[in-house]
Every structure is written in C-alpha cells, then in structure tokens.
Amino acid sequence: MKIKIRFFAELREIVGEREKILAFPDSHVNIAKLLNFLVDVYGEKFKEKIFDKNGQLFNHYIILVNGKNIKFLEGLETTLKDEDEVSIFPPVGGG
C-alpha cells in the first residue's frame, strides 16, 4: 500500500521535503499508525512538533485525507487506503 504525505510550513523544514510516498506492507494503516511511523523516521524534533507531553496530537494541527479533515472522519483512527494523500498542516501565524 502506498500513501502520499504532504508536509507544510515548519514540518517541511524538519523532514526536508515537500512530500513523500511511503509504502506499507500492511494494508491496515490509520492516521495514528502513520504519525508514529513518521516519528520513527524523522525523530524527536518531528515528535515534539506534533505530539504533546502525553503523546496526544496537538489539536491545532489539521490533517486531511484526500482533502477531508480527519476531525470529520474517524480522527486518528481514520483508515487509509492505497493511493490516499495525507496533508499535515501545522498552525500558521500571521497578521
């Protein structure tokens, strides 16, 4: 199963690329499993940006699966399918 992940803003700086295609041998991948895999790949700096001290995803992150916010799907339990596209948006400041 292949999943395309798109990184934005500070996450793009941490991972060093705009997007990545990951192949999973397991066909049972959800957002939680994907995020934990990304922490394993990109390390502590990535983890500190997306998870709080209790290991919970910061609620100000927006994660889309094929353009749909996971908050309106099944949250971190949202199941991914082959060729899905996941976009991870960190909070953006400005004014």
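To keep things clear, this report deals only with the structure shown in the data block. These numbers were taken from a predicted model, which means no experiment stands behind them. (Residues numbered from 1 in each chain as written. Predicted model: local features only at pLDDT ≥ 70, side-chain atom pairs only at ≥ 80, totals over all residues. Heavy atoms only, no water.)

**Some thoughts on the overall build of the chain**
Reasoning step 1: When helices and strands are counted, the chain shows three helices and seven strands.
Reasoning step 2: Secondary structure elements of the chain occur, N-terminal to C-terminal, as β-α-β-β-α-α-β-β-β-β.
Reasoning step 3: Once the C-alpha set of the chain is aligned to its principal axes, its extents read approximately 40 × 25 × 25 Å.
Reasoning step 4: Counting every position in the chain, which comprises 95 residues, the buried fraction comes to 35%.
Reasoning step 5: Pairs at least 24 residues apart make up 53% of the contacts formed inside the chain by residues separated by at least 6 positions.
Reasoning step 6: Accessible area for the chain stands at about 6000 Å²; split by element, carbon and sulfur atoms hold 50% of it.
Reasoning step 7: The chain carries 14 positive and 15 negative side-chain charges, and their two centres are separated by 4 Å. (Helix = DSSP H or I, 4+ residues; strand = E, 2+ residues; numbered from the N terminus. Buried < 20%, exposed > 50% of the residue type's maximum accessible area, 1.4 Å probe, protein only. Contact = heavy atoms within 4.5 Å. Areas by Shrake-Rupley, 256 points an atom, 1.4 Å probe, with all protein chains shown as cover. Lys, Arg positive; Asp, Glu negative; His and termini not counted. Charge placed at Lys NZ, Arg CZ, Asp CG, Glu CD.)

**Some thoughts on the pairing of strand E7 (residues 85–89)**
Reasoning step 1: Where strand E1 (residues 2–7) and E7 come together, four bridges link them in parallel fashion. In the sheet register, Lys-4 faces E7, and the bridge partner there is Glu-85.
Reasoning step 2: Summarising the sheet, strand E4 (residues 62–65) and E7 pair through four bridges and their orientation is antiparallel. Its bridge partner being in E7, Ile-63 is matched across the sheet by Ile-88. (Pairing = 2+ DSSP bridges.)

**Comments concerning the environment of Arg-18**
Reasoning step 1: By the element assignment, Arg-18 lies in the loop between helix H1 (9–15) and strand E2 (19–23).
Reasoning step 2: Through-space distance from the C-alpha of Arg-18 to that of Ile-5 is 8.5 Å; in sequence the pair is 13 residues apart.
Reasoning step 3: Sequence-distant contacts of Arg-18, that is, excluding residues within four places in its chain, are made with Ile-5, Arg-6, Phe-7 and Arg-12.

Honestly, it's all geometry; don't read function into it.
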